[in-house]
Amino acid sequence: MRTFGRYLKLIGVFAKYSLMSSLEYRINFVTGMTVEMGWMIIKLFYVAIIYKAGTNIGILTPHHILLFIGTYVLMTGIFMLYFGNFCSIPIMVQQGELGLYLVKPISLQFLVTMRRLDFALLLPNLIVGMIMIITGWYLAGLPVGVIPILGFVFYLVCGCLLTYSLFLLPNLLSFWIVSVGGITDISSALWDFNNMPSRIYGKWMRRIGTYILPIFVITNFPGLFLMGELSIPDCIWGAAAPILFFTASHVLWKTALRKYSSASS
């Protein structure tokens, strides 16, 4: 618990200085939020089209779909908060900058992946996502109580951990491959599969996206839990997948560091 408290305090320090750095260049901060709000409007068009069509997708009504899209928007904001750190890993490896962090008395993986936080990308997604979730939850008539709320939040946290683990893995290939731009672009494109509920895809696509490359676990499981559509094995997998993939990403990180040479070799 002492170690956990220490790292939680460090997150607060990183957040403080990242926000101070962003506000030092306020035009960039406002521009970033404006661009993200533009993406919000595009995503809201999806919702408007669904409501205008007024059709159901299986058991999903437009209100359910609003909840799922809101979850996607919220998780996108959390992902974008630290995504820039992932993008900088290949550059740090190529230029030998990781050597500057190796001597720090904390986890190198934690420091490299969480040192800069982008609140300009978080805030619009967080606010709009929460509004969409609450509205969809209410209009769909889904249960409200301690268990539904705790279950929803639990699978959101699991989704956050799974997002971190899944999308860190492609960037770690930069320790072996000179250019990973194409691989990271493909992995980022996979994120957009969550833009709509997984029920719109075929059976085999859902199985692959749930059990092999569990993209759908990230934003679909919270809503499916509320709807009572998660089986017991799926409930277990929703909690186990983040742990398995986080362990895999940490092991690969340790392995990659053995291949690393700093600027001074």
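Located above this text is the structure these notes cover.
As a starting point, this report considers the structure included with it. Just so you know, these numbers come straight off a predicted model, no measurement behind them.

**Observations regarding the nonpolar core**
Working step 1: Membership of the largest hydrophobic core comes to 72 residues, with the highest contact counts inside it found for Ile69, Phe79, Phe86, Leu117, Phe167 and Phe175.
Working step 2: Taken together, the elements giving at least two residues each to this core come down to helix H1 (2-24), helix H2 (26-53), helix H3 (62-95), helix H4 (108-114), helix H5 (119-139), helix H6 (146-172), helix H9 (215-227) and helix H10 (232-257).
Working step 3: Per-element accounting of this core gives the leading share, 18 residues, to H3.
Working step 4: With residues near it in sequence (within four places) discarded, Phe167 still touches Phe79, Phe86, Ser187, Ser188, Trp191, Ile215 and Ile218.

**Some thoughts on the packing of H3 against H6**
Working step 1: Where H3 meets H6, the closest approach of the two axes is 10 Å, and the angle between their N-to-C directions is 35 degrees. Considering the relative orientation of H3 and H6, their crossing is right-handed. Taken together, the residues of H6 that come into contact with H3 (itself represented by Leu67, Thr71, Leu74, Met75, Ile78, Phe79, Tyr82, Phe86, Cys87, Ile89 and Pro90) are Phe152, Leu156, Gly159, Cys160, Thr163, Tyr164, Phe167, Leu168 and Asn171.
Working step 2: In terms of residue class, the contact of H3 with H6 is made up of 16 nonpolar, four polar and no charged.

**Some details on the packing of H2 against H3**
Working step 1: Two elements in contact, H2 and H3, have axes separated by 10 Å at closest approach and are oriented at 170 degrees. Considering the angle they form, H2 stands roughly antiparallel to H3. Two packed elements cross with a definite hand, and for H2 against H3 that hand is right-handed. Taken together, the residues of H3 that come into contact with H2 (itself represented by Met40, Lys43, Val47, Ile50 and Tyr51) are Pro62, His63, Ile65, Leu66, Ile69, Tyr72, Val73 and Thr76.
Working step 2: Within the contact of H2 with H3, the residues separate by chemical class into 10 nonpolar, two polar and one charged.

**Points about the packing of aromatic side chains**
Working step 1: Under the criterion given, the structure shown has 20 aromatic pairs.
Working step 2: Ring centres of Phe154 and Tyr155 lie 5.1 Å apart, and the angle between their planes is 75 degrees; on these two criteria the pair is classed as edge-to-face.
Working step 3: Ring geometry for Phe193 and Tyr201: centres 5.8 Å apart, planes at 50 degrees, overall tilted.
Working step 4: Connected via pairs of aromatic rings, a cluster forms that spans Tyr72, Phe79, Tyr82, Phe83, Phe86, Tyr164, Phe167, Trp191 and Phe246.
Working step 5: Seen from the ring of Trp204, Arg207 lies directly overhead, with NZ or CZ sitting 4.9 Å from the centre.

Thresholds, definitions, all that
- Residues numbered from 1 in each chain as written.
- Predicted model: local features only at pLDDT ≥ 70, side-chain atom pairs only at ≥ 80, totals over all residues.
- Heavy atoms only, no water.
- Core = buried A, V, L, I, M, F, W, Y, C linked by side-chain atoms within 4.5 Å.
- Buried < 20%, exposed > 50% of the residue type's maximum accessible area, 1.4 Å probe, protein only.
- Helix = DSSP H or I, 4+ residues; strand = E, 2+ residues; numbered from the N terminus.
- Contact = heavy atoms within 4.5 Å.
- Axes fitted to C-alpha atoms, helices over the stretch in contact; angles between N-to-C directions.
- Left-handed = near helix turned anticlockwise from the far one by under 90°.
- Nonpolar A, V, L, I, M, F, W, Y, C, P; charged D, E, K, R; others polar.
- Parallel < 35°, antiparallel > 145°, perpendicular 65-115°, else oblique.
- Phe/Tyr/Trp six-rings, centres within 6.5 Å; stacked < 30°, edge-to-face > 60°.
- Lys NZ or Arg CZ within 6 Å of the ring centre and 35° of its normal.

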